[in-house]
Amino acid sequence: MIQVTYTYKNREFLQLEDSFMNQLVQLGVRQMHALLEPLSDSLVNENGKIRINLDQHPKIELEGFSNPVKDQIEMVLRGE
């Protein structure tokens, strides 16, 4: 199972308090799942977390994935 979470100022959110921001977060989660759909066979046995960092320097962190799957996800996120 893959979990997508957002972080801001060292706090992790599965759901944000502000309804508009929460809608944006849910849209982002759906888009992330859609991007990774071609890798669904590889992701079945993975138990990782995708953390989207919204701080001053936004970044996406991958945690708990095997190296081959992590490499595949990074390639998809880079558009390769």
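These numbers were taken from a predicted model, which means no experiment stands behind them.

Conventions used here
- Residues numbered from 1 in each chain as written.
- Predicted model: local features only at pLDDT ≥ 70, side-chain atom pairs only at ≥ 80, totals over all residues.
- Heavy atoms only, no water.
- Core = buried A, V, L, I, M, F, W, Y, C linked by side-chain atoms within 4.5 Å.
- Buried < 20%, exposed > 50% of the residue type's maximum accessible area, 1.4 Å probe, protein only.
- Helix = DSSP H or I, 4+ residues; strand = E, 2+ residues; numbered from the N terminus.
- Contact = heavy atoms within 4.5 Å.
- Patch = residues over 30% accessible without salt bridge, like charges linked within 9 Å, V, L, I, M, F, W, Y side chains within 5 Å.
- Areas by Shrake-Rupley, 256 points an atom, 1.4 Å probe, with all protein chains shown as cover.
- Salt bridge = Lys/Arg side-chain N within 4 Å of Asp/Glu carboxyl O.

Visitor: It is not clear to me how the nonpolar core should be interpreted in this structure. Could you clarify?
Guide: As a rule of thumb, nonpolar side chains are buried together in soluble globular proteins. By size, the foremost hydrophobic cluster in this structure holds 15 residues, and its most contacted members are Leu-36, Leu-43, Ile-50, Phe-65 and Ile-73. Within the residue set of this core, elements represented by two or more residues are strand S1 (3-8), helix H1 (19-35), strand S3 (49-53) and helix H3 (67-78). For this core, the element with the highest residue contribution is H1, accounting for three residues. What Leu-43 contacts, discounting residues up to four positions off in sequence, is Ile-2, Leu-36, Phe-65, Val-69 and Ile-73.

Visitor: Explain a nonpolar patch on the surface here, please?
Guide: Nonpolar side chains collect at one region of the surface, where Phe-20, Met-21, Leu-24 and Leu-27 lie side by side and expose about 360 Å² of accessible area between them. Structurally, Phe-20 is set in helix H1.

Visitor: Could you clarify how one ought to interpret the environment of Pro-58 in this entry?
Guide: With respect to the element layout, Pro-58 can be found in the loop between S3 and strand S4 (59-63). When the C-alpha atoms of Pro-58 and Thr-7 are compared, they prove to be 9.6 Å apart, with 51 residues separating the residues in sequence.

Visitor: Even after reading the chapter, I still don't get the environment of Lys-70, so can you show me in this structure?
Guide: Position of Lys-70 relative to the elements: it lies in helix H3. Overall, the relative accessible area of 28% leaves Lys-70 in the partly exposed class. Through-space distance from the C-alpha of Lys-70 to that of Gly-48 is 9.3 Å; in sequence the pair is 22 residues apart. Beyond its immediate stretch of four places on either side in the chain, Lys-70 contacts Leu-62 and Phe-65.

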